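Topology and contacts: notes
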Amino acid sequence: MDGPVSEYTSRLQRQEQDIKLLQDEIERLKNPQNLNFASSHLEELKEENIRLKYRLNILKKSLQEEMSQNGKTMVNINQCLQQIFGEAISTAYPDLENPPHAVTPNQQAKFGDYQCNSAMAMAQMMKAKGQKVSPREIAEKIVQNIPHNELIEKTEIAGPGFINVHIKRMFVSKLLSNLLVNGAQPPPLEKKKKVVVDFSSPNIAKEMHVGHLRSTIIGDSMCRLFEFLGYEVLRLNHVGDWGTQFGMLIAHLQDKFPNYLTVSPPIGDLQAFYKESKKRFDEDEEFKKRAYQCVVKLQSKEPDFIKGWNLICDVSRKEFQKVYDCLGIRIEERGESYYQELMTAVVKEFEGRGLVQMDEGRKIVFAPGQSVPLTIVKSDGGYTYDTSDLAAIRQRLFVEKADIIIYVTDSGQSSHFQIIFAAAQKIGWYDPEVTRVEHAGFGVVLGEDKKKFKTRSGDTVRLMDLLEEGLKRSMDKLKDKERDKVLTPEELVKAQRAVAFGCIKYADLSHNRINDYVFSFDKMLDDRGNTAAYLLYAFTRIRSIARVANIQEDALRKAAETTEVLLDHEKEWKLGKCILRFPEILQKITDDLLLHTLSDYLYELATTFTEFYDSCYCVEKDRQTGEVVKVNMWRMLLCEATAAVMAKGFDILGINPVERM
């Protein structure tokens, strides 16, 4: 809806400018013939102007109805305010190109609910054009041109030109009722797009470690975000399942288990198996030669070698799946081997465009603005990671027809992906103005000594060992709180898994992914502060309020349809506004892929709820008997709305809350 309104507003403004120019021209013209011609042109423009105004008013009315009606989706209040102020600014200053529509929530309630800070930036823009106007004067003119709307109660100009905005309580109350009746539904998409997220990506025959933990958790959460918003999402696991190391592994397999073609070899510890084969490869020249021969035969798709390769891959897959099952990860494996057949065509395409240079027998490609080239063919004729990554991005663009492609790997690979993206743009595979291709990098996991996270012996920490340790500590924590005495065995195990895996995920996602973060079980299991343990306990408490008051779900559903959500108390108002910021948060993390913003919001929501609950009685009891004497249903509905948004936020972060803890 925003698009057509902006288009008609723009056309209307151009028409009005043309009318003014023609009117000025008529005043100047003395020749009657010229005057008649201009008047004729003026009449045409006036008729077109009337038609445009009529259409624009219909669109504006429709938009206002869309904002105020009890539709099924949540409304992004910030976006609505930006649109309202955008219209006011365009009307007040039609000649100013691309003025900012800066609207943010107000941090202090005494200054209103939101604030528009456009006037200061606009004053600078006008100064650059030689027009000296004070920001306060600009703010006054903007306020005078705010169109009729269902959202704004009043505005106040503060300081040099801040416009403080107070929103209507009835509008917020209606939106909360909508949320309660229809659930936390995302705003509608203009167009359903396809998103490919490349994440996790462990190497076959190697253990998954904490680096893969970050990629897996962050990538899964991004997928959940886009899925919730209504996008078609393809979750891809670009495993390292091809290359020289497989010749080495197959040669070792042949020696250790000569009957591997008929009897599945008992490779319990694939990591140890890999280390043994690597040692032989480094020390035994005969073994190294045989390993290279195995690579050639594998690439030639000889059946016995393909079977050996599949055996090794299957052992790894089973180990990976244990981790994915613990963390609730859905992902489709599409490893490097998938792209082998596509690489030849990629090399030919670059050669056909004249983009390939020879360098000591290698075929290399320089991408614009990049000092390091891509090696697409080695001097021995083999392909590289560069070639497979180019084949992968091409397949995702042309076969999957992705509108958005996100690579979730450590920040150390950032420069590699920038070169891949630049090369793909140079050859014309995609236009960054149309297709969003992005590397979502992340920092390393540190131990409590602030050094890279390792075991005491200096080895990389196995991911399954880490998850099992989390389960053990989670159970210890629950027993310390004597939850084993009030929960059934099934509820206790559910709580154990929710806390263990929720805390590990949240500890990662609550930090800015770009930064390194310190892994500490003690901190993540602490039920004070911004942790999953605190949020899970808070959620369980909120869910228990109705249960303790013996209010059934159907009674709450009926109340949602018939009871107005009152927001008279300052803590009710604060909580109501906080709940409705959810779509704004989703929009921000969709734009920048920084998921810690959602974690911060959930923590703010939980603490705002605590303030509300401490100040506003939801259920009033007899002090002597403890019996419920009064239920303030509108406040129970605020509890339900808080829980609905928290539950959806947890789901996006991949955290499973429990009803009882």
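Cut-offs and rules
Residues numbered from 1 in each chain as written. Predicted model: local features only at pLDDT ≥ 70, side-chain atom pairs only at ≥ 80, totals over all residues. Heavy atoms only, no water. Salt bridge = Lys/Arg side-chain N within 4 Å of Asp/Glu carboxyl O. Buried < 20%, exposed > 50% of the residue type's maximum accessible area, 1.4 Å probe, protein only. Helix = DSSP H or I, 4+ residues; strand = E, 2+ residues; numbered from the N terminus. Contact = heavy atoms within 4.5 Å. Pairing = 2+ DSSP bridges. Axes fitted to C-alpha atoms, helices over the stretch in contact; angles between N-to-C directions. Arc of directions from axis to C-beta.

All right, on to the pattern of salt bridges then. When charged atoms on two side chains of opposite charge get close, those side chains can pair. According to the stated counting rule, one finds 45 salt bridges in the structure shown. Between R528 and D526 there is a salt bridge, with its nearest N and O atoms 3.0 Å apart. For R528, a relative accessible area of 62% gives the class exposed. One salt-bridge network, in which partners are shared between bridges, spans D220, R224, E227, R235, R330, K648 and D651.

This part takes up the side chain of D508. Its place among the elements puts D508 in helix α16 (residues 489–509). The contact partners of D508, leaving out residues within four places of it in the chain, are R214, I217, I218 and Y517.

With parallel pairing, the five strands of this open sheet are ordered in space as β7-β6-β5-β11-β12. Only two strands of the sheet have a single neighbouring strand rather than two, namely β7 (332–333) and β12 (436–439). Relative to β12, strand β11 (residues 404–407) runs parallel, the two being bridged by four bridges. Residue pairing in the sheet places I404 in a bridge with R436 of β12. On top of the sheet, helix α7 (residues 210–229) reaches β5 (194–198), β6 (232–237), β11 and β12; it is set at about 165 degrees to β6, its chief contact. Contacts between helix α13 (residues 385–398) and the sheet are confined to β5, β6, β11 and β12, with β11 contributing the most and set at about 150 degrees to the helix.

Time to look at the side chain of T597. Locating T597 in the fold gives a position in helix α22 (residues 596–615). With near-sequence residues (within four places) excluded, T597 lies in contact with I585, K588 and I589.

The subject of this paragraph is the sheet that holds strand β2 (residues 114–116). If you trace the four strands from one edge of the open sheet to the other, you get β1-β2-β4-β3, paired in antiparallel fashion. Since the sheet does not close on itself, it has two edges, and those belong to β1 (103–105) and β3 (152–158), each with one partner. Taking each pair of neighbouring strands and ignoring which way they run, the sheet shows an average axis angle of 25 degrees. Direction of pairing for β2 relative to strand β4 (residues 162–167): antiparallel, over a ladder of three bridges. Paired with Y114 across the bridge in β4 is V165.

As a further point, take helix α19 (residues 553–562). Residues of α19 that are buried include every one of L556, A559 and A560, and no others. Around the axis of α19, the buried residues are gathered within 105 degrees of arc, so they sit on the same side. Every exposed residue of α19 that faces more than 90 degrees away from the buried side is listed here: R557, K558, E561 and T562. Looking at the buried positions of α19, the neighbouring elements they touch are α6 (169–182), α18 (532–548) and α23 (633–653).

Looking at helix α4 (residues 118–128), one finds that the buried residues are S118, A119, M122, A123 and M126. In an axial view of α4, the angular spread of the buried residues amounts to 130 degrees, which keeps them on one side of the axis. Facing away from the buried side of α4, by more than 90 degrees, are the exposed residues Q124, K127 and A128.

Keep in mind that these numbers describe shape and distance, not what the molecule does.
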